[in-house]
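Examining the three-dimensional arrangement
For reference, the chains in residue letters:
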Amino acid sequence: VQALADASAVPEQPTTVLCLLQMVTEADLLDMNEYREILEDVQSECTNYGVVRSLEIPRPSSTGQTIPGTGKVFVEFDTVDQANAAKQALEGRTFDNRTVLVKFMDLEKYRQRQFD
Amino acid sequence: DAEPAKKRRSRWGSSSSKVALPSGMANASDKMTPEQMEALTIKLRLQDIQRKINNIQLAIPSDPRDRSPSPPPQYDSAGKRTNTRELRTRTALMNTRMALLQRVMVLNPNFKPPPDYKPPKLEK
């Protein structure tokens, strides 16, 4: 796959924020109970690798308006090392039977909620 | 003396079923459709499962603390145990494999399943 070859050629710069993909579907997020459980599962697992400073799981709006970052999970750790450890441990694990992908995200972009 | 509330099962899969992904997978997803990306990760997972089916020890955590409790033993009429850890692990892998094959066939209608794939029986 060409896209994969292109992407792996550029080394990733580790940051304190992880962006996790393929974890949640819009249907999961719309259900308040599911959403709460997902938050809990992510929080408790990520705490094994460091201090979770903040956690964002954008939810789709009920009016059908597109919300940036829907379907992604963002986790801010205290240090780059913690984020790196979590990335190593979580990438390739399953969440709800889907394989989780993880990338680092720029802290400034995260703080400004530029989720796309 | 009420039983303590049963702990809800986490959505996270066990770390023993973690699959090695090539670096840059998450970045590559920007250039693929979600369906393509899911099909690609399932393909990697299927390869990993095949490797474990061929060598079942790879799928059994070496530290006993990482294994879930075993059910009571069952034996066939010849007195041979039918639910050894290896057999249970293999069945679980085969079931996961079938579920992943089913999913990949939805994602990619051109996908040719392996000859031993059996479509799920539809219940009336």
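Fair warning: this is a prediction, and the values are worked out from it, not measured in the lab. (Residues numbered from 1 in each chain as written. Chains lettered and ligands numbered in written order. Predicted model: local features only at pLDDT ≥ 70, side-chain atom pairs only at ≥ 80, totals over all residues. Heavy atoms only, no water.)

1. Focus: the pattern of salt bridges
- Summed over all chains, the structure comprises 21 salt bridges over all chains.
- Taking the shortest distance from any N to any O, the salt bridge between E76 of chain A and R53 of chain A comes out at 3.8 Å. Here E76 of chain A, found in strand β3 (residues 73-77), pairs with R53 of chain A, found in strand β2 (residues 52-56); they are 23 residues apart in sequence, far enough to count as distant.
- Across the pair R65 of chain B and D63 of chain B runs a salt bridge whose closest N-O atoms are separated by 3.1 Å. (Salt bridge = Lys/Arg side-chain N within 4 Å of Asp/Glu carboxyl O. Helix = DSSP H or I, 4+ residues; strand = E, 2+ residues; numbered from the N terminus.)

2. Some remarks on the packing of helix α2 (residues 34-54) of chain B against helix α3 (residues 85-107) of chain B
Residue and element names in this part refer to chain B.
- Two elements in contact, α2 and α3, have axes whose closest approach is 10 Å; the angle formed by their N-to-C orientations is 155°. One element, α2, and the other, α3, form an angle in the roughly antiparallel class. With respect to the hand of their crossing, α2 and α3 are arranged in left-handed fashion. Contacts from E35, E38, A39, I42, R45, L46, I49, Q50, K52 and I53 of α2 reach α3 at R90, L93, M94, T96, R97, L100, L101, R103, V104 and L107.
- Taken together, the residues of the contact of α2 with α3 break down into eleven nonpolar, two polar and seven charged. (Axes fitted to C-alpha atoms, helices over the stretch in contact; angles between N-to-C directions. Parallel < 35°, antiparallel > 145°, perpendicular 65-115°, else oblique. Left-handed = near helix turned anticlockwise from the far one by under 90°. Contact = heavy atoms within 4.5 Å. Nonpolar A, V, L, I, M, F, W, Y, C, P; charged D, E, K, R; others polar.)

3. Some thoughts on the confidence of the model for chain B
- Averaged over all residues, the pLDDT of chain B is 89; the fraction at 70 or higher stands at 94%.
- Least confident of the elements in chain B is helix α1 (residues 25-28) of chain B, whose mean pLDDT is 89; most confident is α3 of chain B, at 94. (pLDDT = per-residue confidence, 0-100.)

4. Details of the packing of aromatic side chains
Residue and element names in this part refer to chain A.
- Counted by the stated rule, this structure contains four aromatic pairs over all chains.
- On the numbers, 6.4 Å between centres and 45° between planes, the contact of F74 with Y110 is tilted. You can see F74 sitting in strand β3 and its partner Y110 sitting in helix α5 (residues 107-111), a full 36 residues away along the chain.
- The exposure class of Y110 is buried, given its relative accessible area of 6%.
- Residues Y110 and F115 carry aromatic rings whose centres are separated by 6.1 Å and whose planes lie at 45° to one another, so their mutual orientation is tilted.
- The class of F115 is buried, set by a relative accessible area of 5%.
- Three or more aromatic residues link up through ring pairs in this structure, and these residues are F74, Y110 and F115.
- We note R59 situated over the ring of Y35; from NZ or CZ to the ring centre the distance is 4.5 Å. (Phe/Tyr/Trp six-rings, centres within 6.5 Å; stacked < 30°, edge-to-face > 60°. Buried < 20%, exposed > 50% of the residue type's maximum accessible area, 1.4 Å probe, protein only. Lys NZ or Arg CZ within 6 Å of the ring centre and 35° of its normal.)

5. Observations regarding helix α3 (residues 32-46) of chain A
All names here are of chain A.
- Helix length check: α3, at 15 residues, gives a terminal C-alpha distance of 21 Å against a target of 21 Å (1.5 Å per residue), a fit within 8%.
- Residues of α3 that are buried include every one of Y35, I38, D41, V42, E45 and C46, and no others. On an axial view of α3, the arc spanned by its buried residues comes to 125°, and they lie on one face.
- Along its buried surface, α3 packs onto α2 (26-30), β2, β3, α4 (80-90) and β4 (94-95). (Expected span 1.5 Å × (residues − 1). Arc of directions from axis to C-beta.)

6. Quick word on the side chain of E38 of chain B
- For E38 of chain B, the position within the fold is in helix α2.
- A distance of 2.8 Å separates a polar atom in the side chain of E38 of chain B from a polar atom in the side chain of R103 of chain B.
- Among all residues touching E38 of chain B, those that are not within four sequence positions of it are Q22 of chain A together with R103 and L107 of chain B. (Polar contact = N/O pair within 3.5 Å; in protein donor to acceptor, adjacent residues only side chain to side chain.)

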